[in-house]
Amino acid sequence: MISLNLSPSLNPGLLHKTRTRTRQQPTRLSALLVTNPKPFNHRYPLGLSPIPNLQIRDAAAKPLLSLSNPESSSGFSRRPRSIAAVGSSDSNPDEKSDLGEAEKKEKKAKTLQLGIVFGLWYFQNIVFNIFNKKALNVFPYPWLLASFQLFAGSIWMLILWSFKLYPCPKISKPFIIALLGPALFHTIGHISACVSFSKVAVSFTHVIKSAEPVFSVIFSSLLGDSYPLAVWLSILPIVMGCSLAAVTEVSFNLGGLSGAMISNVGFVLRNIYSKRSLQSFKEIDGLNLYGCISILSLLYLFPVAIFVEGSHWVQGYHKAIASVGTPSTFYFWVLLSGVFYHLYNQSSYQALDEISPLTFSVGNTMKRVVVIVSTVLVFRNPVRPLNALGSAIAIFGTFLYSQATAKKKKIEVGGDKKN
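Procedures and definitions
- Residues numbered from 1 in each chain as written.
- Predicted model: local features only at pLDDT ≥ 70, side-chain atom pairs only at ≥ 80, totals over all residues.
- Heavy atoms only, no water.
- Helix = DSSP H or I, 4+ residues; strand = E, 2+ residues; numbered from the N terminus.
- Buried < 20%, exposed > 50% of the residue type's maximum accessible area, 1.4 Å probe, protein only.
- Areas by Shrake-Rupley, 256 points an atom, 1.4 Å probe, with all protein chains shown as cover.
- 1 Å grid on protein atoms, 1.4 Å probe; cavity = no way out; pocket = protein on both sides within 12 Å on 5 of 7 lines; lining within 4 Å.
- Points joined across faces, edges and corners; volume = space filled by probe spheres on them.
- Nonpolar A, V, L, I, M, F, W, Y, C, P; charged D, E, K, R; others polar.
- Patch = residues over 30% accessible without salt bridge, like charges linked within 9 Å, V, L, I, M, F, W, Y side chains within 5 Å.
- Salt bridge = Lys/Arg side-chain N within 4 Å of Asp/Glu carboxyl O.
- Axes fitted to C-alpha atoms, helices over the stretch in contact; angles between N-to-C directions.
- Parallel < 35°, antiparallel > 145°, perpendicular 65-115°, else oblique.
- Left-handed = near helix turned anticlockwise from the far one by under 90°.
- Contact = heavy atoms within 4.5 Å.
- Disulfide = S-S within 2.5 Å.
- Phe/Tyr/Trp six-rings, centres within 6.5 Å; stacked < 30°, edge-to-face > 60°.
- Core = buried A, V, L, I, M, F, W, Y, C linked by side-chain atoms within 4.5 Å.
- Expected span 1.5 Å × (residues − 1).
- pLDDT = per-residue confidence, 0-100.

(A) Spotlight on the overall build of the chain. Secondary structure assignment for the chain yields 14 helices and two strands. Within the chain, buried positions represent 40% of all 419 residues. Carbon and sulfur atoms form 66% of the exposed surface of the chain, whose accessible area is close to 24,700 Å².

(B) A look at the layout of surface pockets. Size it by volume and the second largest pocket reaches roughly 300 Å³. Lining the second largest pocket are 21 residues, with Ser203, Ile372, Val376, Val383 and Asn387 sitting closest to its centre. Here the residues of the lining of the second largest pocket are counted per class, giving 15 nonpolar, five polar and one charged.

(C) Structural view of a nonpolar patch on the surface. Together, Ile218, Leu222, Leu229, Trp232, Leu233, Leu236 and Met240 make up an exposed nonpolar region whose accessible area comes to about 740 Å². Among the secondary structure elements, those contributing two or more residues to the nonpolar patch are α7 (212-222) and α8 (229-247). The dominant element in the nonpolar patch, judged by the number of residues it contributes, is α8, at five residues. By secondary structure assignment, the location of Leu233 is in helix α8.

(D) View of helix α6 (residues 202-209). In terms of burial, α6 is largely enclosed, as eight of its eight residues are buried. Within the sequence span of α6, burial applies to Val202, Ser203, Phe204, Thr205, His206, Val207, Ile208 and Lys209.

(E) Spotlight on the packing of helix α5 (residues 173-199) against helix α10 (residues 286-309). Contact pair α5 / α10: the axes reach a minimum separation of 8 Å and the direction vectors enclose 70°. The angle between α5 and α10 falls in the class roughly perpendicular. Along this stretch, α5 crosses α10, giving a crossing that reads as right-handed. Along its contact with α5, which presents Phe175, Leu179, Leu180, Ala183, Leu184, His186, Thr187 and Ile191, the element α10 presents Leu289, Tyr290, Cys292, Ile293, Leu296, Ser297, Tyr300 and Leu301. The residue inventory of the contact of α5 with α10, partitioned by class, reads 13 nonpolar, three polar and no charged.

(F) Highlighting the state of the cysteines. In this structure the tally under the stated criterion is zero disulfides. Considering cysteine sulfurs only, Cys168 is the nearest to Cys292, which forms no disulfide, with 7.7 Å between them.

(G) Structural detail: the packing of aromatic side chains. The final tally for this structure, using the stated rule, is 19 aromatic pairs. With a centroid separation of 6.4 Å and 40° between ring planes, the pair formed by Phe148 and Phe151 is classed as tilted. One end of the pair, Phe148, and the other, Phe151, are both in helix α4 (residues 142-162), three residues apart, so they sit about a helical turn from each other. The structure contains a cluster of three or more aromatic residues connected by ring pairs, namely Phe139, Tyr141, Tyr317, Phe330 and Tyr331.

(H) Structural view of the nonpolar core. Trp121, Phe139 and Phe330 are the most contacted members of the largest nonpolar core, which has 44 residues in total. If we skip the residues at most four places from it in the chain, Phe330 touches Ala135, Val138, Phe139, Tyr317, Ala320, Ile321 and Val324. Val214, Val217, Leu257 and Tyr401 belong to the second-largest nonpolar core, a separate cluster that totals 17 residues.

(I) Geometry of the packing of α4 against α5. The interhelical angle for the contact between α4 and α5, taken along N-to-C directions, is 130°, at an axis separation of 9 Å. Comparing the axis directions of α4 and α5 gives the class oblique. In the crossing of α4 with α5, the sense of the turn from one axis to the other is right-handed. Across from Pro142, Trp143, Ala146, Gln149 and Leu150 in α4, the residues of α5 making contact are His186, His190, Ile191, Cys194, Val195 and Ser198.

(J) Structural context of α4. An ideal rise of 1.5 Å per residue puts 30 Å on 21 residues; α4 measures up with 30 Å between its terminal C-alpha atoms. Of the residues flanking the end of α4, it is Lys164, one or two places downstream, whose phi is positive at about 55°.

(K) View of the environment of Val239. Along the chain, Val239 falls in helix α8. Judged by relative accessible area, Val239 falls into the partly exposed class, the value being 40%. As for Val239 and Ile393, which are separated by 154 residues in sequence, their C-alpha atoms are 9.0 Å apart.

(L) Main features of the environment of Glu283. Checked against the element boundaries, Glu283 lands in the loop between α9 (254-277) and α10. In this structure the C-alpha to C-alpha distance between Glu283 and Lys170, which are 113 residues apart in sequence, comes to 9.0 Å.

(M) Fine view of the confidence of the model for the chain. Per-residue confidence for the chain averages 79 on the pLDDT scale, and 74% of its residues sit at or above 70. Throughout residues 1-12 the model reports pLDDT below 50, and contacts reaching past four residues in sequence, or to other chains, amount to zero contacts.

(N) Looking closely at the side chain of Ser196. In this fold, Ser196 is placed in helix α5. A relative accessible area of 0% places Ser196 in the buried class. Residues within four places of Ser196 in sequence aside, it is in contact with Thr205, Gly256, Gly259 and Ala260.

(O) Structural detail: the side chain of Ser402. Mapped onto the elements of the fold, Ser402 is located in helix α14 (residues 385-418). Overall, Ser402 belongs to the buried group, its relative accessible area being 3%.

As structure tokens, then:
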């Protein structure tokens, strides 16, 4: 420690003047800071160059001393501060710890909420696939069953809107016209998937439906979109895996394979035309949009269903009751397939509102894995090793595709910000 010894031999007048100047110096500095809040140059002794923007930061990257911002609450104040005051942060450590604990609790709450949404989404999808397949096994008329599932979703949304449990969208003629195309492609995708479910194992249909990204890239490219090489490479394992699974599938049926492929085409075109025709109706959220699509799809599908297989419904109903034993069991299966078809789509839209598209894509890939494993265990479908390998390769390719498209979107967003 260095001590300063003031000798009594010093001139008292000179000492008084020095003290007076020392007292006046903070006042002049404060006046300068108030009248000239802009960054200024400081001239230092020993030939040091001016420092236009000097900041001393703490661990939280908050400026403690700022010469470029004199009016900062953590920089120089208008009154002289002690060294201890300058070296310490203005915020209370207890307040920092409280904020940190609040952020941790909020993060845990969001994680829990996300887990619940994903859990419901997976559970509802599993229930739909199991009871839909059970109903189709005894009543192999997918056109009527698909119509009932759209009917159940339409009634569900009408109840929500009528009792004001969910805000009713503003329906206009331009909106209905814009929705006609997406609803038509949704109808094609839904009925084709139901036809596939009625002819082959549920697991095989889902493996083929994992090839949806392939059709998305192809059709989007034909309509003018461009994709990087990583996206094109990611669809190769999807094609290879689906091909291997199809060749080694025990329950292979050409109608089931073509139904799953047509379903992919329908849903891809629905997504593409939804983006193009519904750009001016962004005030309608995803759940209301899906409800409106369900109602229009029902109007599309049911008249065609009557024409295709209506003459067989009565006879098929009696056979189904005789096969099951009790009518209530059959009704229960059909009802659950209809209700949970709408619920799992509703949960998927809610999940998409809460998370990023990349997380949603990964979650959707894992959903197919869970559904495939669950249905194999429930229905005890025989699975060959090569079939399992092909399914795994296809699903892994879907995961790679979601990663590649996420990077593409980041690059596009970055380019838009620069422009």
